[in-house]
Amino acid sequence: KRCFKGWKKFGSSYYYFSNGRKNWAESRQYCREMGADLVIINSREEQEFIKEANIYTWIGLSDAQTEGNWKWVDGSRLTTVYWRKGEPNDAHKDEDCAVYLNEVVSLNTWNDIPCSYEAGWICEL
Ligand code: 2F8
Ligand code: CA
């Protein structure tokens, strides 16, 4: 793996925390151009590590393909889940992408919001 400037190592992965904001697809594109993808969270330790993210931060999780069937960007099903209480709720039937909501004290930080929303993002390589 190449070591990019500004990326943080955790476990066997490297993470990029964005400064700006983009919609989910553009955020994902940004990561893919770096040979990475949006972050996939598969452990409690990784969920805790992400804590330093901005308030609204895209993760690599979406149910855009089939409503209610949440999948990581690598096609894998969810193992550990950290949905916020009452989420995912597909509000206005228009919420197919997941953000990490950092204002929450609890470890359960994920929320589904519209994919067109502009948020920060985390890439994982
Ligand atoms: O109350 C939960 C609800 O809060 C917001 O909608 C009012 C969120 N929307 C955005 O952040 C865009 C919903 O996703 C969330 O379910
Ligand atoms: Ca929601």
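Described below are features of the structure shown in this document. Small disclaimer: the values here were computed from a predicted structure and weren't measured.

**A short note on the site of ligand 1**
Here is step 1: For ligand 1, the full set of nearby residues is Y56, E87, N89, E95, N111, D112, I113 and Y117.
Here is step 2: Here an oxygen atom of ligand 1 and a side-chain polar atom of E87 are 2.7 Å apart.
Here is step 3: A distance of 2.8 Å is found between an oxygen atom of ligand 1 and a side-chain nitrogen or oxygen belonging to N89.
Here is step 4: Contact with the protein chains hides 53% of the accessible area of ligand 1, taken as 400 Å² for the molecule alone.

**Here we look at the side chain of D96**
Here is step 1: Turning to its location among the elements, D96 is positioned in the loop between strand 5 (71-72) and strand 6 (97-101).
Here is step 2: Buried within the structure, D96 lacks any salt-bridge partner; K93 is the closest side chain of opposite charge, at an N-O distance of 10 Å.
Here is step 3: Ignoring any residue separated from it by four or fewer positions in sequence, one finds D96 in contact with L61, S62, D63, A64, E67, W70, D90, I113 and C115.

**Concerning the pairing of strand 4 (residues 56-62)**
Here is step 1: Buried residues dominate strand 4, accounting for 6 of its 7 residues.
Here is step 2: As judged from the 4 bridges shared by strand 4 and strand 6, these two strands associate in the antiparallel manner. Within strand 6, the position partnered with T57 by the bridge is Y100.
Here is step 3: Pairing of strand 4 with strand 8 (residues 120-124) involves 2 bridges; the strand directions are parallel. Bridge pairing in strand 8 places T57 opposite G120.
Here is step 4: Relative to strand 5, strand 4 runs antiparallel, the two sharing 2 bridges.

**Let's talk about the pattern of salt bridges**
Here is step 1: Taken as a whole and judged by the stated rule, the model has 3 salt bridges.
Here is step 2: A salt bridge links R32 to D37; the nearest nitrogen and oxygen atoms lie 3.8 Å apart.
Here is step 3: Owing to a relative accessible area of 47%, R32 belongs among the partly exposed residues under this scheme.
Here is step 4: Linking E48 and R44 is a salt bridge whose minimum nitrogen-to-oxygen distance equals 3.0 Å.

Calculation rules
- Residues numbered from 1 in each chain as written.
- Chains lettered and ligands numbered in written order.
- Predicted model: local features only at pLDDT ≥ 70, side-chain atom pairs only at ≥ 80, totals over all residues.
- Heavy atoms only, no water.
- Near = heavy atom within 4 Å.
- Polar contact = N/O pair within 3.5 Å; in protein donor to acceptor, adjacent residues only side chain to side chain.
- Areas by Shrake-Rupley, 256 points an atom, 1.4 Å probe, with all protein chains shown as cover.
- Helix = DSSP H or I, 4+ residues; strand = E, 2+ residues; numbered from the N terminus.
- Buried < 20%, exposed > 50% of the residue type's maximum accessible area, 1.4 Å probe, protein only.
- Lys, Arg positive; Asp, Glu negative; His and termini not counted.
- Salt bridge = Lys/Arg side-chain N within 4 Å of Asp/Glu carboxyl O.
- Contact = heavy atoms within 4.5 Å.
- Pairing = 2+ DSSP bridges.

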